[in-house]
Amino acid sequence: MGIKLKLTGLRRFVRTEAEIADYTAQVAAAQDTLVSGTGAGNDFLGWLNLPVDYDRDEFARIKQAAKKIQQICDVLIVIGIGGSYLGARAAIEFVNGQFYNQVRPEGIPEVYFAGNNISSSYLNDIIKMIGDRDFCINIISKSGTTTEPAIAFRELKKLCESKYGKEGARERIFATTDKERGALKKLADDEGYETFIVPDDIGGRFSVLTPVGLLPMAAAGLDIDAVMAGAAASREEYSHGSLHDCARYAALRNLLLFKGKSMEIMVNYEPSLVMLGEWLKQLFDESEGKDHKGLFVTSANFSTDLHSIGQFIQDGSRIMFETVLWVKEPRSEITIEHTEEDIDGLNYLAGQTVQHVNQKAYEGTLIAHMDGGTPNIILEIDRTDAWHFGYLVYFFEKACGISGYLLGVNPFNQPGVEDYKKNMFALLGRSGFEERRKYLEARVKLED
Ligand SMILES: O=P(O)(O)OC[C@H]1O[C@H](O)[C@H](O)[C@@H](O)[C@@H]1O
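Here is what the cut-offs are and how they apply
- Residues numbered from 1 in each chain as written.
- Predicted model: local features only at pLDDT ≥ 70, side-chain atom pairs only at ≥ 80, totals over all residues.
- Heavy atoms only, no water.
- Helix = DSSP H or I, 4+ residues; strand = E, 2+ residues; numbered from the N terminus.
- Contact = heavy atoms within 4.5 Å.
- Areas by Shrake-Rupley, 256 points an atom, 1.4 Å probe, with all protein chains shown as cover.
- Lys, Arg positive; Asp, Glu negative; His and termini not counted.
- Charge placed at Lys NZ, Arg CZ, Asp CG, Glu CD.
- Near = heavy atom within 4 Å.
- Polar contact = N/O pair within 3.5 Å; in protein donor to acceptor, adjacent residues only side chain to side chain.
- 1 Å grid on protein atoms, 1.4 Å probe; cavity = no way out; pocket = protein on both sides within 12 Å on 5 of 7 lines; lining within 4 Å.
- Sits in = over half its atoms within 2 Å of the grid points.
- Nonpolar A, V, L, I, M, F, W, Y, C, P; charged D, E, K, R; others polar.
- UniProt positions renumbered as here; feature names shortened; annotations may be inferred.
- Pairing = 2+ DSSP bridges.
- Axes fitted to C-alpha atoms, helices over the stretch in contact; angles between N-to-C directions.
- Core = buried A, V, L, I, M, F, W, Y, C linked by side-chain atoms within 4.5 Å.
- Buried < 20%, exposed > 50% of the residue type's maximum accessible area, 1.4 Å probe, protein only.
- Points joined across faces, edges and corners; volume = space filled by probe spheres on them.
- Right-handed = clockwise from strand over helix to strand, strands pointing away.
- Salt bridge = Lys/Arg side-chain N within 4 Å of Asp/Glu carboxyl O.

*Asks:* Explain the overall build of the protein residue by residue, including any values.
*Replies:* When you go through the protein residue by residue, the secondary structure sums to 15 helices and 10 strands. By principal-axis analysis of the C-alpha atoms, the protein measures approximately 65 × 60 × 55 Å. Contacts in the protein between residues at least 24 apart in sequence constitute 78% of all its contacts with a sequence separation of at least 6. As displayed, the protein has an accessible area near 20,000 Å², and 52% of this comes from carbon and sulfur atoms. Averaging the coordinates of the 49 positive side-chain charges in the protein and doing the same for the 64 negative ones gives two points 5 Å apart.

*Asks:* Can you break down the site of the ligand residue by residue, with the values?
*Replies:* Residues in close proximity to the ligand total 13 residues, the closest being Ser84, Ser141, Thr146, Glu286 and Lys421. The separation between an oxygen atom of the ligand and a polar main-chain atom of Lys142 is 2.7 Å. In the model, an oxygen atom of the ligand is placed 2.7 Å from a nitrogen or oxygen of the Ser143 side chain. Relative to its unbound accessible surface of 390 Å², the ligand loses 89% to contact with the protein. At a threshold of 2 Å from the grid points, most atoms of the ligand map onto the largest pocket. Residue composition of the shell around the ligand, by class: 2 nonpolar, 8 polar and 3 charged.

*Asks:* Describe the UniProt feature "active site" (unreviewed entry) in the protein, with residues and values.
*Replies:* Listed under "active site" (unreviewed entry) in the UniProt record, and renumbered for this structure, are Glu286 and Lys421. If you take the residues mentioned a moment ago, the ones lining the largest pocket come down to Glu286 and Lys421. Relative to the helices and strands, Glu286 is located in helix H10 (residues 274-288). Aside from chain neighbours lying at most four places away, what touches Glu286 is Arg205, Lys281, Asn413, Gln414 and Val417.

*Asks:* An account of the sheet that holds strand E1 (residues 3-6) is requested, with residue identities and associated values reported.
*Replies:* On the basis of which strands lie adjacent, the open sheet formed by 5 strands has the order E1-E10-E9-E7-E8 and mixed pairing. Of all strands in the sheet, those with a lone pairing partner are E1 and strand E8 (296-301), marking the two edges. Put simply, the sheet's adjacent strands are angled 20 degrees from each other on average, direction ignored. Sheet strands touched by helix H13 (residues 386-407): E1, strand E9 (320-327) and strand E10 (376-381). Its angle to E10, the strand with the most contacts, is close to 150 degrees.

*Asks:* Talk me through the nonpolar core; I want residue IDs and the actual numbers.
*Replies:* The biggest cluster of nonpolar side chains holds 113 residues, and the ones touching the most others in it are Trp47, Met217, Leu276, Trp279, Phe284, Phe389 and Phe396. Tallying contributions element by element places H13 first for this core, with 14 residues. When residues no more than four places from it in sequence are discounted, the contact partners of Trp279 are Leu86, Gly87, Ala90, Arg205, Val208, Val393, Phe396 and Glu397. Core analysis: the next-biggest nonpolar cluster, separate from the first, contains 21 residues, Ala114, Ile130, Ala152 and Leu184 among them.

*Asks:* Just give me the short version of the layout of surface pockets, but keep the residues and values in it.
*Replies:* Of the voids in this model, the largest pocket is the one considered here, and its volume is about 880 Å³. Lining the largest pocket we find 30 residues, and of these Ser143, Thr146, Gln414, Glu418 and Lys421 sit closest to its centre. Only strand E4 (135-141), helix H5 (147-172), H10 and helix H14 (418-428) provide two or more residues apiece to the lining of the largest pocket. In terms of residue count, the dominant contributor to the lining of the largest pocket is H14 (4 residues). Counted by class, the lining of the largest pocket contains 9 nonpolar, 12 polar and 9 charged residues.

*Asks:* Requested: an account of H14, with residues and values cited.
*Replies:* For H14, every residue scored as buried is listed here: Met424, Phe425 and Ala426. Summarising the contacts, the buried residues of H14 are in contact with H5 and helix H15 (434-447). Directly after H14, the chain includes Gly429, whose backbone phi takes a positive value near 85 degrees.

*Asks:* I'd like a rundown of the pairing of strand E5 (residues 173-177), residues and numbers included.
*Replies:* Burial within E5 is extensive, with 5 of its 5 residues counted as buried. Across the two faces of E5 the burial is the same, with Ile173, Ala175 and Thr177 and Phe174 and Thr176 all buried. Inspection of the sheet shows E4 paired to E5 by 5 bridges, in the parallel sense. Note that in E5 the partner of Ile137 across the bridge is Ile173. Read from E4 through H5 to E5, the crossover connection turns out right-handed. Taken together, the 4 bridges between E5 and strand E6 (residues 194-197) define a ladder with parallel strand orientation. Following the sheet pairing, Thr176 is matched in E6 by Phe196.

*Asks:* So what's going on with the side chain of Lys398? Which residues, and what values?
*Replies:* Residue position: Lys398 is located in helix H13. Although buried, Lys398 forms no salt bridge, and the nearest oppositely charged side chain, Asp32, lies 9.3 Å from it.

*Asks:* Help me get a handle on the pairing of E1, residues and values and all.
*Replies:* Taken residue by residue, a regular strand's side chains alternate between the two faces of the sheet. Only one face of E1 is covered, namely the face carrying Ile3 and Leu5; the face carrying Lys4 and Lys6 is uncovered. Judged from the 4 bridges that link them, E1 and E10 form a sheet pairing that is antiparallel. In the strand pairing of E10, Lys6 is matched with Ile378.

*Asks:* If you had to explain the sheet that holds E4 to someone new, which residues and values would you point to?
*Replies:* Spatially, E3-E2-E4-E5-E6 is the arrangement adopted by the 5 strands of the open sheet, whose pairing is parallel. Single-partner strands in this sheet number two, and they are strand E3 (110-114) and E6. Each neighbouring strand pair of the sheet contributes to a mean axis angle of 20 degrees, computed without reference to strand direction. Contacting E4, E5 and E6, helix H6 (residues 183-191) runs over the sheet at an angle of about 145 degrees to E5.

Structure below.
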């Protein structure tokens with residue numbers, strides 16, 4: 001089993017077994033709706049069987065493209081935002097740690113992410129950082145029309161063409177997008193780039209196990225067979241019965257919401273899970289935060305954040321619960337050594353590992369936060385390898401689908417995201433937005 005769900009941090013807040021039992025019929029119905037494809041958003045369920053039902057030819061092509069990228073470039077720039085960015089970065093950091101660019105094996109390029117903001121400083125820094133080195137680009141956009149990656153791609157494509165010529169650039173640019181729609185697809189066809197497909201029935205935040213996530217992962221040297229095997233094991237584990245751990249996790253989140261806990265903090269004790277936290281935020285917040293409902297999911301990195309927001313979690317407004325992702329085996333270990341002077345007073349820990357200290361911090365924090373009134377759901381993971389990444393992805397995707405239906409929303413759309421975009425386009429003067437522009441400019445003046 002890739003994840004162990006532990007309820008020890010919940011007992012005094014939820015009559016766990018009894019309350020879950022009362023909720024069983026609804027949980028079973030929500031899961032049924034998801035698996036039978038009868039609920040809202042059911043045209044976006046391609047991720048459900050993806051771990052066992054994916055395009056093997058394209059998968060082989062991803063591996064070939066990754067090898068080519070490794071051979072011809074020192075730096076890979078992955079351009080994308082939201083679901084076209086977070087999963088790949090989460091995977092690479094989960095498996096190889098935050099310093100993956102500095103401690104990579106021979107033959108693996110540095111991998112950087114662009115097009116996930118609208119900062120000219122960031123983009124100029126990326127260009128400066130590439131310098132004279134050989135680089136490739138993987139532009140990723142399901143819709144093919146998102147502003148942030150489009151701006152970054154325009155600049156980096158120009159750089160690539162001026163360095164390698166049109167022909168050379170064609171060999172170095174890989175596009176991951178819809179199979180027929182969108183400006184990026186048209187551009188990729190016109191320019192003759194190698195393209196990879198984001199399936200129609202998989203939304204951005206559920207797309208990490210498609211070429212969206214797999215090509216950057218493979219280029220960074222991750223074992224994508226292991227990622228898919230982990231996801232397949234997870235799919236198998238959570239396809240029997242209706243009260244498996246994935247469904248129980250979905251149920252508990254909703255039970256805690258009913259009890260007034262309106263915020264879920266995804267907690268880790270390993271910096272390599274920081275980006276997994278970012279991916280989880282999009283997965284749950286974009287899926288469930290609608291119709292004026294839903295948990296607000298955020299993340300915290302411990303012990304780092306125990307020295308900043310820890311005060312609030314311990315003692316501020318009692319609005320949250322924590323979901324702790326505890327990793328049992330670190331990627332590598334350090335043992336604390338005895339020193340003669342013992343000026344820092346750490347000799348009592350001599351012979352102990354740093355992970356031992358981390359574990360005691362986790363156990364102590366768990367009890368302190370419970371005593372302060374914050375429930376904790378614990379998810380234990382053995383280690384942070386590619387297999388476990390795939391396993392976790394599927395666990396959370398399925399939990400999110402069940403949880404969304406329990407909440408009574410369509411977990412697979414994101415209508416609210418469009419509002420800021422329409423305003424931005426109108427204020428930028430894009431055609432078709434003239435009326436809105438007049439209205440907004442008056443508002444901007446008024447609210448200035
Ligand atoms: O892949 P793209 O079409 O460029 O979309 C990138 C992201 O942008 C959006 O605004 C959506 O809300 C996200 O769900 C999506 O992941």
